Amino acid sequence: MAKIVVITSGKGGVGKTTTSAAFATGLAQAGFKTVVIDFDVGLRNLDLVMGCERRVVYDFVNVINGEAKLNQALIKDKRVNGLAVLPASQTRDKDALNKEGVRKVLDELAESFDYIVCDSPAGIEVGAQMAMYFADAAIVVTNPEVSSVRDSDRMLGILASKSRRAENNEDPIEEHLLLTRYSAARVDKGEMLSVDDVLDILNIDLLGVIPESQAVLNASNSGTPVILDEDSDAGQAYHDMVARFLGEEREHRFLTTEKKGLLRRLFGS
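First, a word on what this report is: a plain description of the structure on this page. None of the values given here were measured: they were computed from a predicted structure. (Residues numbered from 1 in each chain as written. Predicted model: local features only at pLDDT ≥ 70, side-chain atom pairs only at ≥ 80, totals over all residues. Heavy atoms only, no water.)

### What about the overall build of the protein?
So, step 1. Across its full length, the protein holds 13 helices and eight strands.
So, step 2. Here the C-alpha radius of gyration of the protein, 19 Å, is about what a compact globule of 269 residues would show, namely 18 Å.
So, step 3. For the protein, the spread of C-alpha atoms along the principal axes amounts to about 65 × 40 × 35 Å.
So, step 4. Across the 269 residues of the protein, 52% fall into the buried class. (Helix = DSSP H or I, 4+ residues; strand = E, 2+ residues; numbered from the N terminus. Rg over C-alpha atoms; globule rule 2.2 N^0.38 Å. Buried < 20%, exposed > 50% of the residue type's maximum accessible area, 1.4 Å probe, protein only.)

Below you can see the structure in the form of structure tokens.
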């Protein structure tokens with residue numbers, strides 16, 4: 001039976017789609033058949049980040065409406081075996097998603113995949129609610145700033161109360177925190193919240209900390225999940241995150257500024 005993982009946040013622009021692409025790619029690299037679904041109907045971006053925008057013929061809404069078969073809409077990744085993308089529609093509005101239609105698509109995907117990753121739009125509109133409702137696990141993405149953390153706290157309340165698991169009195173959704181765009185130097189200057197500050201507010205399992213990195217923008221612009229850039233700090237942090245999700249213990253990196261030795265302090269190199 002497939003495990004459904006939603007990537008969510010209360011605020012836009014925190015890196016959900018980047019995370020969805022990297023996380024799904026990492027799961028597939030680990031040998032799990034994985035599909036990542038774009039729930040942001042009308043504003044799809046996942047296909048761009050995954051580098052498959054020119055291959056989109058049918059989309060998620062086409063499948064829900066019976067206008068295409070699931071296999072017609074799924075796009076197989078050319079770089080990583082076992083990875084597929086189900087893009088969102090650019091021409092419909094968010095009301096095109098309905099609970100019964102989404103359930104049927106997820107049930108069909110569950111027959112072929114080990115993991116179903118749901119790239120949720122921000123906030124609590126229909127697309128976000130549909131992405132969260134069926135989840136077995138949630139990765140809450142937040143930036144180290146007060147407004148982002150506050151909105152994430154509200155999303156945790158919704159995950160706990162408005163999911164299929166909550167309605168059926170089942171075990172709650174697994175909750176994981178991913179902190180993105182983290183700069184230890186700015187934390188030292190008091191310009192953003194520290195990891196401990198965020199954990200004090202949200203009080204959930206810390207899955208990973210992704211450093212602020214030019215590699216993320218470069219990867220998005222080139223249509224390549226940043227986890228494939230294994231030389232970058234962000235790529236390495238996403239690899240760590242996936243490993244922790246799969247049960248491996250790894251120390252958190254990129255939490256502190258690099259300590260300069262005497263020669264580096266003297267010569268600045």
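### Here we look at the side chain of D77
So, step 1. Examined against the element boundaries, D77 turns out to sit in the loop between β3 (75-76) and β4 (83-86).
So, step 2. On the basis of relative accessibility, which here comes to 13%, the residue D77 falls in the buried class.
So, step 3. A distance of 2.7 Å separates a polar atom in the side chain of D77 from the backbone nitrogen of R79.
So, step 4. In this view, D77 contacts M50, L83 and A84; residues no more than four positions away in its chain are not counted. (Polar contact = N/O pair within 3.5 Å; in protein donor to acceptor, adjacent residues only side chain to side chain. Contact = heavy atoms within 4.5 Å.)

### Considering the sheet that holds strand β2 (residues 34-38)
So, step 1. An order of β3-β4-β2-β5-β1-β6-β7-β8 is seen for the eight strands of this open sheet, with the pairing classed as mixed. The sheet is open, and its two edges are formed by β3 and β8 (205-211), each paired on a single side.
So, step 2. Inspection of the sheet shows strand β7 (residues 174-182) paired to β8 by five bridges, in the parallel sense. Paired with H176 across the two strands is D205, which belongs to β8.
So, step 3. Packing of helix α7 (residues 146-161) onto the sheet brings it into contact with β1 (3-8), β6 (137-142) and β7, and relative to β6 it is tilted by some 165°.
So, step 4. The strands touched by helix α10 (residues 195-202) are β6, β7 and β8; relative to β7, the strand with the most contacts, the crossing angle is about 150°. (Pairing = 2+ DSSP bridges. Axes fitted to C-alpha atoms, helices over the stretch in contact; angles between N-to-C directions.)

### Things to note about the packing of α7 against α10
So, step 1. With their axes 10 Å apart at the nearest point, α7 and α10 run at an angle of 35° to one another. Here the hand of the crossing between α7 and α10 comes out right-handed. Contacts between α7 and α10 involve V149, S152, D153 and L156 from the former and V198, I201 and L202 from the latter.
So, step 2. Looking at the contact of α7 with α10 residue by residue, the classes come out as five nonpolar, one polar and one charged. (Left-handed = near helix turned anticlockwise from the far one by under 90°. Nonpolar A, V, L, I, M, F, W, Y, C, P; charged D, E, K, R; others polar.)

### Quick look at helix α6 (residues 126-133)
So, step 1. Of all the eight residues making up α6, six are buried; the element is thus mostly covered by neighbouring parts of the structure.
So, step 2. Every buried residue of α6 is accounted for by G127, A128, M130, A131, M132 and Y133.
So, step 3. Where α6 is buried, its residues touch β1, α5 (99-110), β5 (115-119), α7 and α8 (164-167).

### Describing the pattern of salt bridges
So, step 1. Applying the stated rule across the entire model yields 13 salt bridges.
So, step 2. Between R186 and E191 there is a salt bridge, and its shortest N-O distance comes to 3.3 Å.
So, step 3. A salt bridge links D240 to R253; the nearest nitrogen and oxygen atoms lie 2.9 Å apart. Here R253 lies in the loop between α12 (233-245) and α13 (262-267) and D240 lies in helix α12, a separation of 13 residues in the sequence.
So, step 4. Judged by its relative accessible area of 6%, D240 is buried. (Salt bridge = Lys/Arg side-chain N within 4 Å of Asp/Glu carboxyl O.)

### Topic: the nonpolar core
As a rule of thumb, nonpolar side chains are buried together in soluble globular proteins.
So, step 1. F39, F60, L86, L97, V102, L109 and I116 are the most contacted members of the largest nonpolar core, which has 53 residues in total.
So, step 2. A22, F23, C52 and I139 belong to the second-largest nonpolar core, a separate cluster that totals 37 residues. (Core = buried A, V, L, I, M, F, W, Y, C linked by side-chain atoms within 4.5 Å.)

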